[in-house]
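# Observations on the model geometry
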Amino acid sequence: MSKAYRVTKRTVMFDKENPKTVYSVSPVNYGTLSTDDVANQIAAESSATPGDVKNVLDRYAYYVKENLKKGYQIQLLGFGSLSIRFITTGTAKTEKEANAKLIQSLVPSFTPSFKVVNGKRIYDLMPEKITLVKYNGTVPADSTVETPDNSEDPGTSEEGGGGSLI
């Protein structure tokens, strides 16, 4: 399995008279899988139909919202936890001033599940080995999504750039 990255160029102006050009890397996604794509993939490897899978995913989304609204955190084995996080305007000097008025907004929060091995986090959602490849503008053949409805192939290419294993 590989994860593509692209090199990005930026000019930073710590000193207006001496701007510096710096380079960084950022992840590249080859596209977005829809609920239909995921349902077709799961159905192809199970006894469920795509409609059955979509129904379960729909009910899951509904019950996540309902239970977050009731004040629960939702934990899905091997995936992580969903909860509600506060965006606050700051802190208060006294306990009495620390109240709901500090809460500016509520946002959903996801914490991936992980184990600690030799002092390092190993995330359950991450494959064991990932090869890093420099993105060259095309999608490698091995990342094509196969679905029973024969959706359009996003293209093929050879992987570019040296890869390191993570």
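In what follows, the accompanying structure is described. (Residues numbered from 1 in each chain as written. Predicted model: local features only at pLDDT ≥ 70, side-chain atom pairs only at ≥ 80, totals over all residues. Heavy atoms only, no water.)

To continue, consider unusual backbone geometry. Phi at N118 is positive, roughly 55 degrees, even though this residue is not glycine. Position of N118 among the secondary structure elements: in the loop between β6 (114-117) and β7 (120-123). (Helix = DSSP H or I, 4+ residues; strand = E, 2+ residues; numbered from the N terminus.)

Attention shifts here to the packing of helix α1 (residues 35-44) against helix α2 (residues 50-69). Direction vectors running N to C along α1 and α2 enclose 125 degrees, while the axes themselves pass 8 Å from each other. Classified by the angle their axes make, α1 and α2 are oblique. The way α1 lies across α2 gives a crossing that is right-handed. Contacts between α1 and α2 pair T35, D36, A39, N40, I42 and A43 from the former with P50, V53, K54 and L57 from the latter. Within the contact of α1 with α2, the residues separate by chemical class into 6 nonpolar, 2 polar and 2 charged. (Axes fitted to C-alpha atoms, helices over the stretch in contact; angles between N-to-C directions. Parallel < 35°, antiparallel > 145°, perpendicular 65-115°, else oblique. Left-handed = near helix turned anticlockwise from the far one by under 90°. Contact = heavy atoms within 4.5 Å. Nonpolar A, V, L, I, M, F, W, Y, C, P; charged D, E, K, R; others polar.)

Another point: the packing of aromatic side chains. Applying the stated rule across the entire model yields 4 aromatic pairs. Consider the rings of Y30 and Y135, whose centres lie 6.3 Å apart with planes at 40 degrees: the pair is tilted. Of this pair, Y30 sits in the loop between β2 (20-28) and α1 while Y135 sits in the segment after β8 (131-134); the two residues are 105 residues apart in sequence, bridging distant segments of the chain. We classify Y135 as partly exposed; its relative accessible area is 25%. Note on Y62 and Y63: the rings are 4.9 Å apart at their centroids and 85 degrees apart in plane angle, and the pair reads as edge-to-face. The partly exposed category is assigned to Y62, whose relative accessible area is 35%. Take Y63: its relative accessible area is 46%, and that puts it in the partly exposed class. (Phe/Tyr/Trp six-rings, centres within 6.5 Å; stacked < 30°, edge-to-face > 60°. Buried < 20%, exposed > 50% of the residue type's maximum accessible area, 1.4 Å probe, protein only.)

In this section: the sheet that holds strand β4 (residues 80-88). The strand order across the open sheet formed by 3 strands is β3-β4-β5, and the pairing between neighbours is antiparallel. Only two strands of the sheet have a single neighbouring strand rather than two, namely β3 (74-76) and β5 (103-112). In this sheet, adjacent strand axes meet at a mean angle of 30 degrees when their direction is disregarded. As paired elements, β4 and β5 share 9 bridges and run antiparallel to each other. Each bridged residue has a counterpart across the sheet, and for S83 the counterpart in β5 is S109. (Pairing = 2+ DSSP bridges.)

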